[in-house]
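Residues per chain, in single letters:
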Amino acid sequence: MTHEVTLIPGDGTGPEICAVMKKVVAATGVQIKWEQVEAGVDIMKTAGTPLPDNVLASCRRTKVALKGPITTPIGTGFRSVNVALRKELDLFACIRPCKTYPGVKSRFSNIDLVIVRENTEDLYAGVEFAGDSIESKQIEDLAKGKIRKGSAISIKPMSRFGCERIVVTAFEYAVKHKRRKVTAVTKANIMKFTDGLFYEVAREVAKRYPGIEYEERLVDAMCMQLVMKPELYDVIVLPNLYGDILSDLCAGLIGGLGIAPGANIGDHGALFEAVHGSAPKYAGQNKVNPTAVLLSAVLMLDHLGEKDAAARLEKAVAEIIKEGKQVTYDLGGTAGTREMGDAIIAKLGTPVAR
């Protein structure tokens, strides 16, 4: 069987690591027909937008996409392409496994956490107003003087619908992957309506899954708990902003973003991506670690039903990292991006005929 998949190489080091990923995936024996489209700062120069219409059209048609990192300007310029893709395709669930691999430098061992982050609501909805806008003055009146003059204002929309589907996703993931516990994380002691709604819905959903333990943590306490007792946690479900922050914290527990994969799942499609940034200063140097995009490909293969290939690829990546010879500089080796990919291919052995 041949699977059609949209490939968005991204910019910076994205095209390099995606080229390696394509070779490695081909070595598993799984037949992928890649439909390559461009998004990001590079295509913006000619297309006038960082997210051309053909990118969304391709993703909607194939229903599965893999994306390299894309640069997002800080404070100025266009809004995040990553956020736009999730919103336009309604990829409401961001799933980020955080797992330790022997050979990666970390203060922790035997970590196997999964972050399930809501992707479309919360402060990342991007509903913001400048301090001198008409809209913000109206909100200022509603807030009864609680907002200082000259403030910039951001709205935090959270719906029962959005909360329910992300919590259900977390519990369904726990059931499918034989996980023991789901922990819901908010700041509901302060944001009693928005985060309070998240907890209210989570408690209702938890009753449907009596075989899965359910608990709640406040986000600040959770940060402390994760660096002191990460072994206590399993599947963690969070609203958008907290999920973004804690997924990077968990990546730090396992050795960094260079080994952190990500999946964005919706009812009508999925997009897989390395969590790390585009690192444009390393572009073209055959230097960056391809592990995150390769582990994202593992998630993609599993999603496509190619579970054996996914397991073999993850095992090959883990073995190369453990050996510590044919790995990139950040993993303690001297291999380049392509050379590490070739070593993984050799570890996979002869492709299995499909």
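Attention here is on the structure that accompanies the text.

Quick look at the pairing of strand β1 (residues 2-8) now. Across the seven residues of β1, five count as buried, placing the element largely inside the fold. For the crossover from β1 across helix α1 (residues 14-27) to strand β2 (residues 31-36), the handedness is right-handed. Here three bridges tie β1 to strand β3 (residues 64-67), and the two strands are oriented parallel to one another. Looking at β3, one finds that Ile-8 is bridged to Lys-67.

Scanning the entire structure with this criterion turns up one cavity of 30 Å³ or more. By volume, the largest cavity amounts to about 30 Å³. Considered class by class, the residues forming the lining of the largest cavity number four nonpolar, two polar and three charged.

Right, let's get into the sheet that holds strand β8 (residues 181-186). Strand order across the open sheet formed by 10 strands is β2-β1-β3-β12-β11-β4-β5-β10-β8-β9, with mixed pairing between neighbours. With partners counted over all chains shown, the strands left at the sheet margins are β2 and β9 (213-218), one partner each. Across this sheet, the average inter-strand angle for adjacent strands is 25°, counted without regard to direction. Examined bridge by bridge, β8 and β9 share six bridges and lie parallel to one another. Bridge assignment links Lys-181 to a residue of β9, and that residue is Glu-213.

Right, let's get into the packing of helix α11 (residues 307-323) against helix α12 (residues 337-348). Put simply, α11 and α12 touch, their axes get as near as 9 Å, and they point 120° apart. The angle between α11 and α12 places the two elements in the oblique class. When you trace α11 past α12, the crossing you get is right-handed. Here α11 contributes Arg-312, Leu-313, Ala-316, Val-317, Glu-319, Ile-320, Ile-321 and Glu-323 to the contact with α12, which in turn contributes Met-340, Ala-343, Ile-344, Lys-347 and Leu-348.

Attention now goes to the environment of Asp-248. Considering the arrangement of structural elements, one finds Asp-248 in helix α9 (residues 240-253). The partly exposed category is assigned to Asp-248, whose relative accessible area is 36%. For the pair Asp-248 and Met-21, spaced 227 residues apart in sequence, the C-alpha separation works out to 23 Å.

Right, let's get into the pattern of salt bridges. Tallying each qualifying case throughout the model produces 24 salt bridges. As a salt-bridge pair, Arg-165 and Asp-90 come within 2.8 Å of each other at their nearest N and O atoms. Separated by 75 residues along the polypeptide, Arg-165 in helix α6 (residues 160-176) and Asp-90 in the loop between α4 (81-88) and β4 (93-99) bring together distant segments of the chain. A relative accessible area of 32% means that Asp-90 is categorised as partly exposed. The salt bridge partner of Glu-314 is Lys-99, with a shortest N-O separation of 3.1 Å. Of the two residues, Glu-314 is situated in helix α11 and Lys-99 in strand β4; the sequence distance between them amounts to 215 residues. The exposure class of Glu-314 is partly exposed, given its relative accessible area of 22%. Residue class for Lys-99 comes out partly exposed when judged on its relative accessible area of 32%. A cluster of three or more residues bridged by salt bridges with shared partners is formed by Glu-4, Glu-35 and Arg-61.

Thresholds applied
Residues numbered from 1 in each chain as written. Predicted model: local features only at pLDDT ≥ 70, side-chain atom pairs only at ≥ 80, totals over all residues. Heavy atoms only, no water. Buried < 20%, exposed > 50% of the residue type's maximum accessible area, 1.4 Å probe, protein only. Helix = DSSP H or I, 4+ residues; strand = E, 2+ residues; numbered from the N terminus. Right-handed = clockwise from strand over helix to strand, strands pointing away. Pairing = 2+ DSSP bridges. 1 Å grid on protein atoms, 1.4 Å probe; cavity = no way out; pocket = protein on both sides within 12 Å on 5 of 7 lines; lining within 4 Å. Points joined across faces, edges and corners; volume = space filled by probe spheres on them. Nonpolar A, V, L, I, M, F, W, Y, C, P; charged D, E, K, R; others polar. Axes fitted to C-alpha atoms, helices over the stretch in contact; angles between N-to-C directions. Parallel < 35°, antiparallel > 145°, perpendicular 65-115°, else oblique. Left-handed = near helix turned anticlockwise from the far one by under 90°. Contact = heavy atoms within 4.5 Å. Salt bridge = Lys/Arg side-chain N within 4 Å of Asp/Glu carboxyl O.

Interpretation note: all reported values are geometric properties and have no functional meaning in isolation.
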